[in-house]
Amino acid sequence: MSADRAKGIILIGAPGSGKGTQAKKLKEQLGYAHISTGDLLRAAVKAGTELGVKAKGFMDEGQLVPDDLMIALLEEELAGPAASQGFLLDGFPRTMPQAQALDASVTIDKVVDIQVPFELIEERITGRRMSPSGHVYHVKYSPPQADGVCDKTGEALYQRSDDTPQKVQARLGKFDSETRPVIAHYQGKGVVVGVDGVGDPDEIFTRIMAVL
Ligand code: AMP
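Now for a description of the structure that goes with this document. (Residues numbered from 1 in each chain as written. Predicted model: local features only at pLDDT ≥ 70, side-chain atom pairs only at ≥ 80, totals over all residues. Heavy atoms only, no water.)

### Focus on the pattern of salt bridges
Where side chains of opposite charge bring their charged atoms close, a pairing between them can arise.
Piece 1. Counted by the stated rule, this structure contains 14 salt bridges.
Piece 2. Among the salt bridges present, the one from Arg-42 reaches Asp-39, with a minimum N-O distance of 2.8 Å. Pair noted here: Arg-42 and Asp-39 are both in helix α2 (residues 37-47), with a separation of 3 residues, about one helical turn.
Piece 3. Residue Asp-39 is classed as partly exposed on the basis of its relative accessible area of 35%.
Piece 4. Notably, a salt bridge pairs Lys-140 with Glu-123, separated by 2.8 Å at the nearest N-O pair. Here Lys-140, found in the loop between β6 (136-138) and α8 (165-188), pairs with Glu-123, found in helix α7 (residues 118-126); they are 17 residues apart in sequence, far enough to count as distant. (Salt bridge = Lys/Arg side-chain N within 4 Å of Asp/Glu carboxyl O. Helix = DSSP H or I, 4+ residues; strand = E, 2+ residues; numbered from the N terminus. Buried < 20%, exposed > 50% of the residue type's maximum accessible area, 1.4 Å probe, protein only.)

Given below as structure tokens:
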């Protein structure tokens, strides 16, 4: 392993644990590539690509997109500049086959496990509102200045189709059955650091920087 090898960090946690928010902050601080499989899939759905057409039904139901599609998507991303500048994975791997495929192609230096009790997750997710440009608001905790309008771009905000209470339950179920074993897998390798994901996003960011 070369000393100047690009670093690989996984942000892992339940849906709504704040992975995306923290990944954006870390990207600014560290200059790493931010690879969010959820964002990549949503862009593919919007553009109507073959991947988007295949993934849409799974996403709308709060189910996971099949591993073969996800592994191909990630390999394509890692073949780009990400692998040389360091990368933050947000939303991948979510299953053991994904983790095994990842381990076969890159070395993971740290897995940041953002921990938020499930009781808080539902409120966080169902109150989440997005702008088409990717800015994220919460109706209670970080509302926009004008109702339903992005402060930064003036675009109309929308709710993700999988951010409804029923879909949240399905997504949390998948986290328990498919993603917890991935955390255990990396714990076995000694690279997992747990971070309390409850509180102000800036405080949580400070906690993450302290363990990286
Ligand atoms: P996220 O924005 O990370 O919550 O992802 C939104 C949705 O995209 C998930 O509920 C899944 O349907 C799909 N998705 C994102 N990443 C993955 C992955 N690594 N494996 C399977 N499905 C994924």
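Once you've had a look at it, read on.
### Comments concerning the site of the ligand
Piece 1. The full set close to the ligand counts 16 residues, and Thr-37, Arg-42, Gln-63, Gly-91 and Gln-98 are the nearest of them.
Piece 2. Arg-42 places a polar side-chain atom, nitrogen or oxygen, 2.9 Å from an oxygen atom of the ligand.
Piece 3. One nitrogen or oxygen atom from the side chain of Arg-171 is found 3.3 Å from an oxygen atom belonging to the ligand.
Piece 4. Surface burial for the ligand is 96%, taken as the share of its 480 Å² of free accessible area covered by protein chains.
Piece 5. In terms of residue count, α2 provides more of the shell around the ligand than any other element does, 4 residues in total. (Near = heavy atom within 4 Å. Polar contact = N/O pair within 3.5 Å; in protein donor to acceptor, adjacent residues only side chain to side chain. Areas by Shrake-Rupley, 256 points an atom, 1.4 Å probe, with all protein chains shown as cover.)

### Description of the sheet that holds strand β7 (residues 192-196)
Either a parallel or an antiparallel arrangement is found when strands of a sheet pair, and the pairing is made through backbone hydrogen bonds.
Piece 1. With respect to topology, 5 strands assemble into an open sheet ordered β2-β3-β1-β4-β7, the strand pairing being parallel. In this open sheet, the two strands that pair with only one neighbour each are β2 (33-36) and β7. The sheet shows a mean angle of 20 degrees between the axes of neighbouring strands, taken without regard to direction.
Piece 2. In terms of strand pairing, β2 meets strand β3 (residues 87-90) through 4 bridges, oriented parallel. Within β3, the residue paired with His-34 across the bridge is Leu-88. (Pairing = 2+ DSSP bridges. Axes fitted to C-alpha atoms, helices over the stretch in contact; angles between N-to-C directions.)

### Describing the pairing of β3
On a regular strand, one side chain projects to one face of the sheet and the next to the other, so that they alternate.
Piece 1. Alternating residues of β3 divide into Phe-87 and Leu-89 and Leu-88 and Asp-90, and every residue in both groups is buried.
Piece 2. As judged from the 4 bridges shared by strand β1 (residues 8-12) and β3, these two strands associate in the parallel manner. Paired with Ile-10 across the two strands is Leu-89, which belongs to β3.

### Section: the environment of Ala-146
Piece 1. Mapped onto the elements, Ala-146 comes out in the loop between β6 and α8.
Piece 2. Along the backbone, Ala-146 and Asp-162 are 16 residues apart, and their C-alpha atoms lie at a distance of 24 Å.

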